[in-house]
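# Structural description and commentary
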Amino acid sequence: MAVLLIADHDNKSLNDTTLKVLTAALAISADVDVLVMGDGAQAVADAAAKATGVRKVLLAQSPTLAKMLAEPAADLVVPLMQGYDAVVAPATTAGKDISPRIAAKLDASQITDVVQVDGPKTFVRPIYAGNALETITTNEPKLVITVRPTAFKAAAAEGGSAPVETVQAPAASPKAHFVSEAVTASDRPELGAAKIVVSGGRALGSAEEFKAVLEPLADKLGAAIGASRAAVDAGYAPNDYQVGQTGKVVAPALYIAIGISGAIQHLAGMKDSKVIVAINKDPDAPIFQIADYGLVADYKTAVPALMQALG
Amino acid sequence: MKILVPVKRVIDYNVKARVKADQTGVDLANVKMSMNPFDEIAVEEAVRLHEKGIATEVVAVSIGVAQAQDQIRTALAMGADRGLLIQTDQDLEPLAVAKLLKAVVEAEGPALVLMGKQAIDGDNNAVGQMLAALLDWPQATFASKVEISGEHAVVTREVDGGLQTIEVSLPAVVTVDLRLNEPRYASLPNIMKAKKKPIEIKPAADYGLDLAPRLTVVKVVEPPKRGGGIKVETAADLVTKLKTEAGVL
Ligand SMILES: Cc1cc2nc3c(=O)[nH]c(=O)nc-3n(C[C@H](O)[C@H](O)[C@H](O)COP(=O)(O)OP(=O)(O)OC[C@H]3O[C@@H](n4cnc5c(N)ncnc54)[C@H](O)[C@@H]3O)c2cc1C
Ligand SMILES: Nc1ncnc2c1ncn2[C@@H]1O[C@H](COP(=O)(O)O)[C@@H](O)[C@H]1O
């Protein structure tokens, strides 16, 4: 069985999520090739070639592929699938955009958000906002899978020396093109990969307050910043901060929820964190039911006290 | 321009799903069911485009049990013009749903399919992309802004790094994210009016498509429960516990 893994990257460096998904791919089969599609992404391919367990790297480059839009991505991957039994992508927004398009073109099912590989054709995935875990198996000739990176340990970034092969990029799709992007600038660790995450909710009340309370704490802890949907909807935080069922899934060593009630949809994105801390002034807030350490307090006094105790 | 909006009947987002004791699935008996929240956002967007004069007709389609007419009625009360129920008692996988929707698109000829990015029951996030693939249409997923200009849609997408804007030619499939709009509540007069709007009902089998499941559910279990936590009195206590007991600082 041969697996094609779609690499996650920014055309400059290989994202750590790729190494986590590689672990899942290697649990399906020992024959894993990594596809790097992008533009000016040679360094990404070279990095992928060094990861332990990679058999071969395929590099497809063209301006059309630079933003990994679904149409050219599917045009590239679908013909390559003649040589593979499975295609695996990280459950990032790009992966979730591309993967079902590939699946339908192959007349195959889409298996979303795999958190456990129980065999080459048996997978576990969360459903109903993570309130249930479903084990599924299939006899489909082609498997099309997205993997939740937080559920797997990263494969070793070094140790391999796979060959890099160039593959032909597809023609530009006349039907879709990139216009612009507004990337949230931050020097903090990436939300999905951070060891510590501090998240703020509706209680913060404004964008200024959200910044003023969470940024110093995050900087002191070397943490990434997250938010509840309510905080994002209200404009206190950018959309890519949203943690939850329909936002990002995180599983850091430490998750600190500040002024977040703990709705089902929020819990779905953070309940696999190792240690959960909740600061909320309502002792009955549902977040306390899953918090390892709960502090019933107004964040306005609790966060400065926390800053002080951290020294 | 006609807009097609697929709406799914799902467990209400306020209800916590419970796994059945025999591990065959989630217990939906006597559970409140609603329109998938993302689909409400899609209906709202379609109705707004209708109100702006950009869309000429909004058709809501649901695939599912007879009771899914309730969700179609909700869409009609929000302002959709007519409904279609493709009736089946089978729980269809995303590919089968996409195949049925493709048949509906071919019959109806919409220039735009506006739909949810994800149904909150299966959390698949797949049908829109699959429908676009089957039709060989472009797709714009996770939309937080949609502008129709002539033969194109300019769509701002919520992506991992922030926001991305793309342009797709019409016809296209657009899947919507949370920030696109805030769906209206249907007013009582509009709920009454919706009762008179037509809903066509067709059995799924009439489409003559292969809708058989491809995946076998081995079991459905509850996720491991987190051990109970404790309350700390002060921030200083918290830091001490995080350092010594939890070892995460
Ligand atoms: C389809 C759908 C998808 C969704 N997806 C997500 C998702 O991915 N992620 C997500 O987070 N939500 C999601 N939601 C929304 C979710 O249901 C909740 O509405 C949301 O998580 C609530 O955010 P919150 O906890 O910040 O706000 P609230 O529920 O309003 O909670 C605010 C909390 O702050 C506390 N508080 C107030 N003042 C203070 C103070 N001074 N000090 C300390 N505490 C204080 C209050 O006691 C309260 O518990 C989704 C909803 C739907 C319908
Ligand atoms: N049975 C269904 N009937 C109508 N629309 C559906 C159905 N299933 C999925 N959809 C649409 O597809 C979107 C994505 O669903 P999914 O891929 O299952 O997460 C939903 O938000 C709906 O718009």
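The sections below set out a description of the structure shown in this document. (Residues numbered from 1 in each chain as written. Chains lettered and ligands numbered in written order. Predicted model: local features only at pLDDT ≥ 70, side-chain atom pairs only at ≥ 80, totals over all residues. Heavy atoms only, no water.)

### Concerning the site of ligand 1
This is how the line gets drawn: For this description, a residue counts as near a given molecule or strand if any of its non-hydrogen atoms is within 4 Å of it. Under this definition, polar contacts are N or O atom pairs within 3.5 Å; protein pairs additionally need one hydrogen-donor-capable and one acceptor-capable atom, and for neighbouring residues in sequence, both atoms have to be side-chain atoms. Reported accessibility uses the Shrake-Rupley method at a 1.4 Å probe radius. Residues are deemed covered only where the shown protein chains occlude them. Going along the chain from the N terminus, every DSSP run of H or I of four or more residues is numbered as a helix, and every run of E of two or more is numbered as a strand.
Ligand 1 sits among 27 residues. The nearest are Arg202(A), Ser228(A), Val243(A), Ser261(A) and Asn280(A). Each of chains A and B places residues near ligand 1. Thr246(A) has a polar side-chain atom sitting 2.9 Å from a nitrogen atom of ligand 1. Taking Gly247(A), its main chain carries an N or O atom lying 3.4 Å from an oxygen atom of ligand 1. About the coverage of ligand 1: the protein hides 86% of its 1000 Å² of free accessible area. Looking at the shell around ligand 1, the elements with two or more residues in it are helix 6 (229-233) and helix 7 (264-267) of chain A together with helix 1 (37-51) of chain B.

### Some details on the site of ligand 2
Residues and elements named next belong to chain B. Put simply, the test is: Throughout this entry, Asp, Glu, Lys and Arg are counted as charged residues, while Ala, Val, Leu, Ile, Met, Phe, Trp, Tyr, Cys and Pro are counted as nonpolar. The remaining residues, Gly among them, count as polar.
Taken together, 17 residues form the shell around ligand 2, and within it Asp39, Ile63, Ala119, Ala126 and Val127 come nearest. Measuring from an oxygen atom of ligand 2, one finds a backbone N or O atom of Asn124 at 3.5 Å. Protein chains bury 97% of the 490 Å² of accessible surface belonging to ligand 2 in isolation. The set of elements that each furnish at least two residues to the shell around ligand 2 consists of strand 4 (57-64) and strand 6 (112-116). Among the elements that take part in the shell around ligand 2, strand 4 stands out by supplying three residues, more than any other. In the shell around ligand 2, the residues fall into nine nonpolar, six polar and two charged.

### Some details on the interface of chain B and chain A
What counts, and what does not: Here a residue-residue contact requires only that any non-hydrogen atoms of the pair lie within 4.5 Å. Two parts placed together each lose some accessible area under a 1.4 Å probe, and the buried area is that loss summed for both. We count a salt bridge whenever a side-chain nitrogen from Lys or Arg sits within 4 Å of a carboxyl oxygen from Asp or Glu. Strands are treated as partners if at least two bridges between them are detected by DSSP.
If you look at the interface, chain B gives 76 residues, while chain A gives 80 residues. Interface area, chain B with chain A, both sides summed: about 6600 Å², of which 54% is carbon and sulfur. Where chain B packs against chain A, one counts seven salt bridges. One salt bridge connects Asp136(B) with Lys105(A), and the closest N-O pair in it is separated by 2.9 Å. Going through the elements one at a time, helix 3 (94-108), helix 4 (127-135), strand 7 (139-149), strand 8 (152-159), strand 9 (162-169), strand 12 (215-221), strand 13 (230-232) and helix 6 (235-244) of chain B are the ones with two or more residues in the side of chain B that touches chain A. Per-element accounting of the side of chain B that touches chain A gives the leading share, eight residues, to strand 9 of chain B. Each residue belonging to the side of chain B that touches chain A can be placed in one class, and the counts come to 40 nonpolar, 16 polar and 20 charged. Relative to strand 12 of chain B, strand 8 (residues 132-138) of chain A runs antiparallel, the two being bridged by six bridges. Its bridge partner lying in strand 12 of chain B, Thr138(A) is registered against Leu215(B).

### A word on the pairing of strand 7 (residues 122-127) of chain A
Residue and element names in this part refer to chain A. Put simply, the rule reads: Note on classification: 1.4 Å probe, protein chains only; a residue is buried when its accessible area is under 20% of the maximum for its type, exposed when over 50%, partly exposed between these limits.
The buried count for strand 7 comes to six of six residues, which makes it a mostly enclosed element. Side chains of strand 7 alternate between two faces, with Thr122, Val124 and Pro126 and Phe123, Arg125 and Ile127 buried alike. Across three bridges, the pairing between strand 6 (residues 116-119) and strand 7 is antiparallel. Bridge pairing in strand 7 links Gln116 to Val124. The loop that links strand 6 with its antiparallel partner strand 7 comprises two residues. Note that strand 7 and strand 8 share six bridges and pair antiparallel.

### What to know about the packing of helix 3 (residues 70-80) of chain A against helix 4 (residues 93-105) of chain A
All names here are of chain A. Put simply, the test is: Only C-alpha atoms enter the line fits that serve as axes; for helices the fit covers just the stretch in contact. Angles between N-to-C directions range over 0 to 180 degrees. Oblique is the label for any angle not under 35 degrees, not over 145, and not in the 65 to 115 range, which are roughly parallel, roughly antiparallel and roughly perpendicular in turn. What makes a crossing left-handed is the near helix being turned counterclockwise from the far one by less than a right angle; a clockwise turn instead makes it right-handed.
Two elements in contact, helix 3 and helix 4, have axes whose closest approach is 9 Å; the angle formed by their N-to-C orientations is 45°. In this view, helix 3 runs oblique relative to helix 4, as classed from their interaxial angle. Helix 4 is crossed by helix 3, and the crossing has right-handed handedness. The residues of helix 4 that touch helix 3, namely those facing Ala70, Glu71, Ala73, Ala74, Val77 and Val78, are Asp97, Ile98, Arg101, Ile102 and Lys105. Tallied by class, residues from the contact of helix 3 with helix 4 come to seven nonpolar, no polar and four charged.

These figures capture arrangement, not role.
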